[in-house]
Amino acid sequence: LAPPRRDAVALVDVTGPIHLGRSGRPPFIGESAGSDTVCAALRSATMADEVKAIVLRVVSPGGSYVASDAIWREVALARRAGTPVVVSMGDVAASGGYFVAMGADAIVAEPATITGSIGVVAGKQVFDGVAERLGVDHEGVAGADHGLMFSPLRPFTEDEWQHLNAWLDRIYDDFTAKVADGRRLPIERVREIARGRVWTGADAHEQERQAVTQAVD
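Draft legend 1. Here's a closer look at the packing of aromatic side chains. With the rule as written, the count across this model stands at five aromatic pairs. An angle of 85° between the planes, with centres 5.6 Å apart, marks the rings of tyrosine 65 and phenylalanine 99 as edge-to-face. With tyrosine 65 in helix α2 (residues 65–80) and phenylalanine 99 in helix α3 (residues 96–99), this residue pair connects regions lying 34 residues apart in the sequence. On the basis of relative accessibility, which here comes to 2%, the residue phenylalanine 99 falls in the buried class. Ring geometry for phenylalanine 99 against phenylalanine 175: centres 4.8 Å apart, planes inclined by 45°, an arrangement best described as tilted. Residue phenylalanine 99 is found in helix α3, and its partner phenylalanine 175 is found in helix α5 (residues 158–182); the two are separated by 76 residues along the sequence. Take phenylalanine 99 and phenylalanine 175: they sit in the same class, and that class is buried. An aromatic cluster of three or more residues is present, and its members are Phe150, Phe156, Trp161 and Trp167. Cation over ring: lysine 124 sits above phenylalanine 156, and NZ or CZ is 4.5 Å from the ring centre. In this arrangement the basic side chain of lysine 178 is found over the ring face of tryptophan 72, its NZ or CZ atom lying 4.1 Å from the centre.

Draft legend 2. View of α2. Under the 1.5 Å per step criterion, the end-to-end length of α2 is 22 Å for 16 residues, consistent within 8% with the ideal 22 Å. Buried within α2 we find Ala67, Ser68, Ile71, Glu74, Val75 and Ala78. Down the axis of α2, the buried side of the element spans an arc of 120°, and every buried residue falls inside it. Glycine 82, located one to two residues past α2, shows a positive phi value of around 95°.

Draft legend 3. Quick look at the packing of α2 against α5. Closest axis-to-axis distance for the α2/α5 pair is 12 Å, and the angle between their directions is 25°. Taken together, the axes of α2 and α5 are roughly parallel relative to one another. Like other packed secondary-structure pairs, α2 and α5 cross with a definite hand, here left-handed. Every residue of α5 that contacts α2 at Tyr65, Asp69 and Trp72 is listed here: Ile171, Asp174 and Lys178.

Draft legend 4. Highlighting the packing of helix α1 (residues 35–47) against α2. Packing of α1 against α2 brings their axes to within 9 Å, and their N-to-C directions diverge by 5°. Accordingly, the angle class assigned to the pair α1 and α2 is roughly parallel. In this structure, α1 uses Ser35, Val38, Cys39, Leu42, Arg43 and Thr46 to contact α2, whose residues at the interface are Ala67, Ala70, Ile71, Glu74, Val75 and Ala78. Residues belonging to the contact of α1 with α2 are distributed by class as follows: eight nonpolar, two polar and two charged.

Draft legend 5. The environment of phenylalanine 127, seen in detail. Within the secondary structure layout, phenylalanine 127 lies in the loop between β7 (114–116) and α4 (128–133). Look at phenylalanine 127 and you get partly exposed, because its relative accessible area is 39%. Expressed as a C-alpha distance, the spacing of phenylalanine 127 and arginine 57, which sit 70 residues apart in the sequence, is 38 Å.

Draft legend 6. Region of the structure containing the nonpolar core. Counting residues in hydrophobic clusters, the biggest one holds 35 residues, and the most contacted among them are Val14, Leu42, Ile54 and Leu56. Sorting the residues of this core by element identifies β1 (8–15), α1, β4 (51–60), α2, β5 (85–94), α3 and α5 as the ones contributing at least two each. The residues touching valine 14, leaving out its near neighbours within four places in the chain, are Ala33, Val38, Leu56, Arg57, Val58, Val59, Ser60 and Val100.

Draft legend 7. Local environment of unusual backbone geometry. Positive phi outside glycine occurs at serine 117, with the angle close to 55°. With respect to the helices, strands and loops of the structure, serine 117 is situated in the loop between β7 and α4. Look at arginine 195: it is not a glycine, yet its phi comes out positive at around 60°. The residue arginine 195 is located in the loop between α6 (187–193) and β8 (198–200) in this model.

Draft legend 8. Highlighting the environment of glutamate 208. Secondary-structure assignment places glutamate 208 in helix α7 (residues 201–216). Counting along the chain gives 170 residues from glutamate 208 to valine 38, while the straight-line C-alpha distance between them is 27 Å.

Cut-off values and rules
Residues numbered from 1 in each chain as written. Predicted model: local features only at pLDDT ≥ 70, side-chain atom pairs only at ≥ 80, totals over all residues. Heavy atoms only, no water. Phe/Tyr/Trp six-rings, centres within 6.5 Å; stacked < 30°, edge-to-face > 60°. Helix = DSSP H or I, 4+ residues; strand = E, 2+ residues; numbered from the N terminus. Buried < 20%, exposed > 50% of the residue type's maximum accessible area, 1.4 Å probe, protein only. Lys NZ or Arg CZ within 6 Å of the ring centre and 35° of its normal. Expected span 1.5 Å × (residues − 1). Arc of directions from axis to C-beta. Axes fitted to C-alpha atoms, helices over the stretch in contact; angles between N-to-C directions. Parallel < 35°, antiparallel > 145°, perpendicular 65-115°, else oblique. Left-handed = near helix turned anticlockwise from the far one by under 90°. Contact = heavy atoms within 4.5 Å. Nonpolar A, V, L, I, M, F, W, Y, C, P; charged D, E, K, R; others polar. Core = buried A, V, L, I, M, F, W, Y, C linked by side-chain atoms within 4.5 Å.

See below:
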């Protein structure tokens, strides 16, 4: 007979910029956190009978909203399956790094951890001027009105700016709603401390303490 397995705590890393796909070490960036890799590790830990809790170690400045949301969902599924998830923050866990953490049972941050940055930003680099100076001609073919919206060879049109801002508003509303639910805070309080602001771990702890006190009062 195989010896009985001992109870264990699983450690799952979210280190570096968060993106879709597999974790790796891209040139000039260092370690990165791919949602496929992180989600697979969380699922594996949740299904393992000997794992009684998961520590999610987050050292990330953020990254892709879609990738961060996928990891957030996997944390929610682990908790729903009865596996507690505790987040340990390193020197930075902000924006997407905070997104993946906000649904955990508990968050442990260092006093000097840079966290928060509950916000969203997007745009594109435009190189049409560079192409013109180099004498490079270019044309675009699109099958829809906004098929070339993210082309780096032309700026956004006024209509495309409106589309982009509408997308960002929806993402921001989703982000803040999930913060309010995960950290058990009133949405009005979340909106006061969000807006892309960053906090040290000590300041974030004080903000949450004040919010809990106000809720009790």
